[in-house]
Structure formats: C-alpha cells, structure tokens
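These are the residues of each chain, in order.
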Amino acid sequence: FLRAGTAMSAMLLWSSLWSLLFSAVSTVTTSELAGARSFLSRHPEAWSPLCLVSICSSLGTFFVLYTIQRFGPLAFASISTVRQLLSSILSIVVFHHSVHLLQAVGLLVTFGSLGMMIRIKRYERAKSAGKGSLGDNRRASGAEEQGAEPAEPLPDCTAKWSPQRKALGVSIFVTSLSLCKTVLLRGALQSTSGHDATGHVVRTTGIAYSATSCAVTILCLTGVFILRPSLFRVPERAAAKSLALIIAIAIADLATANAAAARLPAALQPLTLALGPIFTVALESAFGCHLKRPLQYAAAAGITVGGFLVAYGRRPTGPGAVQPAGIALALVAAMASASKYVLLRRERNRRGLGLASLVFWVDMPAFTVCTAIALCDGEFKTLVDALVDGGPALSALLFVAACVSGVGFGSQVFALRFLSALDLSAVNSAAHLLYALAALRLPTLVSLGVGE
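Residues numbered from 1 in each chain as written. Predicted model: local features only at pLDDT ≥ 70, side-chain atom pairs only at ≥ 80, totals over all residues. Heavy atoms only, no water.

Attention now goes to the packing of helix α8 (residues 206–227) against helix α15 (residues 379–415). With their axes 10 Å apart at the nearest point, α8 and α15 run at an angle of 50° to one another. As far as their axial angle goes, α15 and α8 are oblique. Crossing handedness for the pair α8 and α15: right-handed. Counting all contacts with α8, which are made through Gly 206, Ile 207, Ala 208, Tyr 209, Ala 211, Thr 212, Ser 213, Val 216 and Thr 217, the residues of α15 involved are Glu 379, Phe 380, Leu 383, Leu 398, Phe 399, Ala 401, Ala 402, Cys 403, Ser 405 and Gly 406. Residues that form the contact of α8 with α15 fall into these classes: 12 nonpolar, six polar and one charged. (Axes fitted to C-alpha atoms, helices over the stretch in contact; angles between N-to-C directions. Helix = DSSP H or I, 4+ residues; strand = E, 2+ residues; numbered from the N terminus. Parallel < 35°, antiparallel > 145°, perpendicular 65-115°, else oblique. Left-handed = near helix turned anticlockwise from the far one by under 90°. Contact = heavy atoms within 4.5 Å. Nonpolar A, V, L, I, M, F, W, Y, C, P; charged D, E, K, R; others polar.)

Okay, structure coming up:
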C-alpha cells in the first residue's frame, strides 16, 4: 500500500483472482472438485450456508485489507489474535469445555497485553499533549507533571534506616522468599512430573514450569503497567548488547535450575546451587582485577562441598541413584546465576531501566525460548496431563509457585540496590543451605508431602 500506492479494491481483486487460480488448479489435480459436486448434488440444502460463508469470507478479506492499510500489520495481528481468542472463549462457553491453568493464563496474558498496549499509547499521547497521564501524573510529583521521566516509585518506609539495616532487611526478605520459592517449586515439579511404577521420575517438567513462571510474571506485570504506565520503559539502543547477554544468562539459569530440581533429591540440588558464591567471587575478581574476601567464601565453599558429599552419600544406587545430568545442570545453573547477579548489578548502576521494566524485558524472551524447548521435548504435554488429572488443587499450587518465582526474581533485582552481587549470591546460598538442612531432617515437609 505504502510503496506502490495500490488501491484497496485493486489489491482485493487481484489477490482474489490469484487465490481462485491456485484453488482451481489444486482442486482439479487432487480430484476434490468431483467430490464437491457429488456432495452438493446429494445435499442441495448446503448451497445456502456455502454462499453465506463465501460472502462473510469476502467481507472479512475486505476488512483485513482495510485494517492493514489504515492501521498497519501490527494492529491487524493484534486484532486477529483477539478474534481467535474470542472464538475460543465462545466455544468454551457454548460447548462447556474445561479450561486448565495454562489455557487461563494464556487468555489473560493476551488480553492483558492488549490492554497494556492501549493504556501505554494513551499515556504517551496524553503526555506528549501536556495533559498528564490520565490520572497517573496526578499522583506524581511536580517534576513529572512538567514532562520529566518519573522515578521508579519505592516505598519510603525505610527512609530513616541505615544502609546496614537496609541490607540486613533485604537479606532476610530474599532468604525467606527463596525458601518459600524452593519449597513450592519442589512440590510443583514433583506433582507434575511423570513417574513410573516404582515412583521414580521419568518425565520432567522443569523447563515447562519455567515457561509457566515467566507467563505468570508477565501477566502480573501487564496489570502493573496498566495501572501505572509510567513504569513501562523501552531499553535504550546503547544497552541492547548488555541486556541481550543478561537475557541469555537468565534463560540458561531458569531452564537449568528447574530442570535440575526435577532430577535431583531435595537436599542435593540446593547444595549444588549454593556453590554460587565461588563463581561470583571469580567473576567479580576478574572484573575488578583483585580477589575479594577469599577467606570467607573459601569457608562457605568448604561447608557447601561437605554438605554436598553428605547428601550425595545418602542416595542409593540403582534406579534411585543421582543422575549425573542433574548435577551438571545444577552446576550450570549456579554459574549462570552468579553471572546474572554480576551483570545485573553493573547494568542497574549504568542504566535507569527500572525494576518492573527490567524484569518484563528479561522474562519475555525467556518465556519464548522456554516455551519452544518445552514444546519440542514434550514437557508441556506432561504438564498439561498432570494439570488435567490433578484438578484445581494442583493448578492452584502451580500458580502460586509461579507467582512466588516471579516475585523472587524481582526481589533479587531490587536487592542489588543495597547488596553487591557477591553478597546477594551469599544470601541465596544461605537460603539453599537452610533448605538442604531441612530436607535432610524433614524430607516430607519440604516436599509438601510429595515423595521423592
């Protein structure tokens, strides 16, 4: 339309003629034309709905071309997606189909993304016109009303706290949240994985769970951006390379950590992840060209390795033996987690992307990659089968675990305001060690009653 200036009627005419030509050739060569004539001769009442469908199809093609010419292909793609979802919802209501958790999250993410796009466009339009942000700027400061970029809103309840007290409070919060996330994660993975007759895991759902966690996080963030569109920011071109590296490492961390959790015992996987400070020390020392606090983290590494050997020695041989692939995945997850903390710390010091926007832009490609991997290796099928058989209780457990996982990642990004990457890695290691200790003493409790 834009390059050649083609009229919409001419585009409709020629596209229909070429469609007719290709359809005619295909029906003749495949002998479908004779079958269609025979069917219509036996059922002449089918002419009426056939003509009605043809008329609706022609009108639909006209409005498709009009939408593309007037609003562009991106708007048409959004409208087409919404149309298909509305058709699915209508089919669910009319034919009383059941909807499991993944389908519900997919529907909500689609409509939430559409609402977020409309809200942010209205906010940007009102901001450029100098009319505020449709209620958002009325709660903002006077500098924001003059067109300045709003600062990331943070609660001011800790304004009088000392830096040491803030760091301690953030460390306690991250440790508690990490413990809750690990317990819920173990329960969700053990309940959704495929087991054989002896109760051992034969089909894991770690990567599918990662995709579900990213989808739930995106769903929550779309609601945040609808309520506060000033929090949504697009990464600068100068930060594209570093952000792409953070995204790649976060994807590796998500996929390998949850895949290892589905393959390793409750005590062994967190002990392996607790080796994170060793990799963080190496990375920060490489960036700073000097070794940071070697004695403290050498002692922590000794404690972790000792606990790892104790947990490894408790496992039997045979079908219940520890999988070497699980240990390798956990080590890769520990290295990826350490790299992620170091890069996020450097990125937050250099760019003002904001907490919500940073988590959003990291989780979007992570969701895409994890979904593709989970679909290819059949993990999503295993997860859907478990959700259908498990009922609402399992769906609620998976949803809560996914929400806590998303909040956990956001809390770690937030904690980097007050902690170094090395300190945050040590805090997470402390949480992993506490969980491993509880798993050795109370295996049923930390697994939410699901046997290993």
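By secondary structure assignment, the location of Thr 182 is in helix α7 (residues 163–192). Here Thr 182 falls in the buried class, since its relative accessible area comes to 7%. Polar contacts involving the side chain of Thr 182 include one to the main-chain carbonyl oxygen of Ser 178, which spans 2.7 Å. (Buried < 20%, exposed > 50% of the residue type's maximum accessible area, 1.4 Å probe, protein only. Polar contact = N/O pair within 3.5 Å; in protein donor to acceptor, adjacent residues only side chain to side chain.)

On the surface, Leu 13, Trp 14, Leu 17, Trp 18, Leu 20, Leu 21, Phe 22 and Val 25 cluster together to form a nonpolar patch covering roughly 880 Å² of accessible area. Counting through the fold element by element, Leu 21 comes out in helix α1 (residues 8–29). The partly exposed category is assigned to Leu 21, whose relative accessible area is 43%. (Patch = residues over 30% accessible without salt bridge, like charges linked within 9 Å, V, L, I, M, F, W, Y side chains within 5 Å. Areas by Shrake-Rupley, 256 points an atom, 1.4 Å probe, with all protein chains shown as cover. Salt bridge = Lys/Arg side-chain N within 4 Å of Asp/Glu carboxyl O.)

Core analysis: the largest hydrophobic core is formed by 67 residues, its most contacted members being Phe 225 and Val 362. Mapped onto this core, the elements with two or more residues apiece are α5 (101–128), α7, α8, α9 (240–263), α13 (324–350), α14 (355–376), α15 and α16 (421–441). With near-sequence residues (within four places) excluded, Val 362 lies in contact with Leu 243, Ile 246, Ile 247, Ala 250 and Phe 409. (Core = buried A, V, L, I, M, F, W, Y, C linked by side-chain atoms within 4.5 Å.)

As a further point, take the packing of aromatic side chains. Each aromatic ring pair is described using two quantities: the centre-to-centre distance and the angle formed by the ring planes. Using the criterion set out here, one finds eight aromatic pairs in the structure. Centroid distance Phe 225 to Phe 360: 5.5 Å. Interplanar angle 85°. Geometry classified as edge-to-face. Here the residue Phe 225 occupies a position in helix α8, and Phe 360 occupies one in helix α14, the gap between them amounting to 135 residues. Each member of the pair, Phe 225 as well as Phe 360, is classed as buried. Between Phe 360 and Trp 361 the ring centres are 5.4 Å apart and the planes differ by 80°, which places this aromatic pair in the edge-to-face class. When its relative accessible area of 25% is taken as the criterion, Trp 361 is described as partly exposed. Lying over the aromatic face of Phe 71, Arg 70 brings its terminal NZ or CZ to 5.0 Å of the ring centre. (Phe/Tyr/Trp six-rings, centres within 6.5 Å; stacked < 30°, edge-to-face > 60°. Lys NZ or Arg CZ within 6 Å of the ring centre and 35° of its normal.)

It is worth spelling out helix α4 (residues 73–95) at this point. Three or four residues apart is the spacing at which side chains of an α-helix point the same way, because the helix has 3.6 residues per turn. For α4, with 23 residues, the first-to-last C-alpha span of 32 Å sits near the 33 Å given by 1.5 Å per residue. In this structure, the buried side of α4 is in contact with α5. Downstream of α4 by a residue or two, His 96 has a phi angle that is positive, lying close to 60°. (Expected span 1.5 Å × (residues − 1).)

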